[in-house]
Amino acid sequence: MPTSTARQNLIGIVCLCAGSLVFSLQDSVIKSISGTEAVTLAIVFRAIVSMPILLAMVAWEGKGSLKALYDRQIPLMLLRGLFLLISYTSYFMAFPALPLAEAVALYFMVPLVVIVISGPMLGEYAGWKSWCAVLLGLVGVFIILQPGTALFKPAALLSLVSAFAYSFGQLLARKFGARSPVTVMVFYQNWVYLLGASAIAGGVHMLGLKPFGNPSIDFLLREWNWPTWHVAGLMAICGVIAALGSTFLANAYRIGQANVVAPFEYTGMFWAIVFGFAFFGEVPTSTTVLGMLLISGAGVLALLAGRKT
């Protein structure tokens with residue numbers, strides 16, 4: 001592999017690990033408020049707090065100028081933002097119904113989904129070892145899901161929906177990111193979060209939809225109420241996390257090869273176990289641990305295969 005490519009991949013890996021840690025903190029915050037607040041309110045709140053931070057980052061990168069915001073790639077950026085809005089909304093909705101480690105483990109099909117779709121989208125076709133990694137990851141998913149048994153939780157499918165939507169969004173970042181600054185991409189996706197989540201909340205209110213006892217659906221349908229100062233502070237922290245984490249992740253896929261850097265998403269799995277136990281007293285089941293090991297092992301196999309392609 002050429003030295004320049006190896007250096008780019010290393011930078012992408014570092015960015016991805018940093019982004020995974022930062023967003024793991026956000027996961028803990030969102031789970032902590034998922035029983036009382038609306039997911040759309042949390043998304044809007046974090047988007048509002050993120051906006052001035054992202055605007056300042058665009059200006060700093062442009063040496064005081066905001067000209068970079070006038071980008072020909074804006075439609076693609078908005079499309080990417082829509083995929084990520086779907087991803088984060090469905091991901092957050094899994095939290096009130098699942099242990100944190102389980103929700104995160106299923107979401108970590110992302111690197112394997114990236115391998116599957118990076119060929120058609122980017123022309124970065126994976127070899128047979130990468131496809132073996134995908135199959136191994138699927139075995140891990142089935143062990144965690146346990147479909148057809150009494151232990152199956154429908155909310156787990158939300159994490160898988162999130163993984164697919166997120167993968168498409170991040171590969172769009174690599175597809176056009178070389179021509180657009182990362183801060184600009186994140187700025188526009190933040191607008192999609194703000195307007196999209198507000199539109200969802202408005203639609204729920206106009207249709208008169210009410211919570212009915214399902215923790216995941218209730219998280220989406222719950223009416224907005226002004227939160228306590230403590231909860232408002234937590235959601236504001238998510239705004240800072242979103243600005244930093246989104247920049248890290250967009251940089252990772254913009255700079256590095258998707259099928260090389262993607263497996264390092266799995267570092268977030270470790271933090272999910274740590275934070276799930278520390279903040280919520282959750283201890284993963286044996287099947288969850290086995291599934292996590294298989295999924296993370298699949299990621300390592302994909303990484304090794306990616307380095308040789």
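Quick look at the structure, then. Keep in mind that this is a model prediction, so the values were computed, not measured. (Residues numbered from 1 in each chain as written. Predicted model: local features only at pLDDT ≥ 70, side-chain atom pairs only at ≥ 80, totals over all residues. Heavy atoms only, no water.)

Structural notes on the overall build of the protein
Right, so step 1: Scanning the protein from N- to C-terminus turns up 13 helices and zero strands.
Right, so step 2: The C-alpha atoms of the protein give a radius of gyration of 19 Å, which matches the 19 Å a tight globule of 309 residues would have.
Right, so step 3: With the principal axes as the frame, the protein shows a C-alpha extent of 55 × 55 × 35 Å.
Right, so step 4: Across the 309 residues of the protein, 54% fall into the buried class.
Right, so step 5: Contacts spanning at least 24 positions in sequence make up 87% of the contacts within the protein whose residues lie at least 6 apart.
Right, so step 6: With an accessible surface of roughly 13400 Å², the protein has 74% of that area assigned to carbon and sulfur atoms.
Right, so step 7: Put simply, the protein has 17 plus and 10 minus side-chain charges, and the middle of one group is 13 Å from the middle of the other. (Helix = DSSP H or I, 4+ residues; strand = E, 2+ residues; numbered from the N terminus. Rg over C-alpha atoms; globule rule 2.2 N^0.38 Å. Buried < 20%, exposed > 50% of the residue type's maximum accessible area, 1.4 Å probe, protein only. Contact = heavy atoms within 4.5 Å. Areas by Shrake-Rupley, 256 points an atom, 1.4 Å probe, with all protein chains shown as cover. Lys, Arg positive; Asp, Glu negative; His and termini not counted. Charge placed at Lys NZ, Arg CZ, Asp CG, Glu CD.)

Examining empty space enclosed by the protein
Right, so step 1: Per the stated rule, a full pass over the model turns up one cavity of 30 Å³ or more.
Right, so step 2: Roughly 150 Å³ of internal volume is contained in the largest cavity.
Right, so step 3: Lining the largest cavity are 13 residues, and of these Ser20, Phe23, Asp27, Tyr91 and Tyr107 sit closest to its centre.
Right, so step 4: Counting residues per element, the ones that place at least two in the lining of the largest cavity are α1 (3-33) and α3 (74-94).
Right, so step 5: With six residues, α1 is the single largest residue contributor to the lining of the largest cavity.
Right, so step 6: Per-class residue counts for the lining of the largest cavity are six nonpolar, five polar and two charged. (1 Å grid on protein atoms, 1.4 Å probe; cavity = no way out; pocket = protein on both sides within 12 Å on 5 of 7 lines; lining within 4 Å. Points joined across faces, edges and corners; volume = space filled by probe spheres on them. Nonpolar A, V, L, I, M, F, W, Y, C, P; charged D, E, K, R; others polar.)

Quick look at the packing of helix α4 (residues 100-107) against helix α6 (residues 128-145)
Right, so step 1: Close contact between α4 and α6 brings their axes to 10 Å; oriented N to C, the two are set at 150°. What the angle tells us is that α4 and α6 run roughly antiparallel. Both α4 and α6 take part in a crossing whose hand is left-handed. On the side of α4, the interface is formed by Glu102, Ala105 and Leu106, while α6 contributes Val141, Ile144 and Leu145. (Axes fitted to C-alpha atoms, helices over the stretch in contact; angles between N-to-C directions. Parallel < 35°, antiparallel > 145°, perpendicular 65-115°, else oblique. Left-handed = near helix turned anticlockwise from the far one by under 90°.)

Here's the deal with the side chain of Gln26
Right, so step 1: With respect to the element layout, Gln26 can be found in helix α1.
Right, so step 2: Those residues in contact with Gln26, other than ones at most four positions away along the chain, are Arg46, Phe92, Cys238, Ile241 and Ala242.

Let's talk about the packing of aromatic side chains
Right, so step 1: The full count for this structure, using the stated rule, is 17 aromatic pairs.
Right, so step 2: Pairing Tyr91 with Phe92 gives two aromatic rings, centres 6.1 Å apart and planes at 35°, and the pair type is tilted. Like Phe92, Tyr91 is buried.
Right, so step 3: Relative to Phe275, the ring of Trp271 lies with its centre 5.6 Å away and its plane at 20°, an arrangement referred to as stacked. Of this pair, Trp271 and Phe275 both sit in helix α12 (residues 267-280), four residues apart, which is roughly one turn of that helix.
Right, so step 4: Judged by its relative accessible area of 9%, Phe275 falls in the buried class.
Right, so step 5: Connected via pairs of aromatic rings, a cluster forms that spans Phe23, Tyr88, Tyr91, Phe92, Phe95, Tyr107, Phe108, Tyr166 and Tyr193.
Right, so step 6: Directly above the aromatic system of Phe280 lies the positively charged group of Lys31, at a separation of 5.5 Å from the ring centroid.
Right, so step 7: Here the basic side chain of Arg46 rests over the ring of Tyr88, its NZ or CZ set 4.9 Å away from the ring centre. (Phe/Tyr/Trp six-rings, centres within 6.5 Å; stacked < 30°, edge-to-face > 60°. Lys NZ or Arg CZ within 6 Å of the ring centre and 35° of its normal.)

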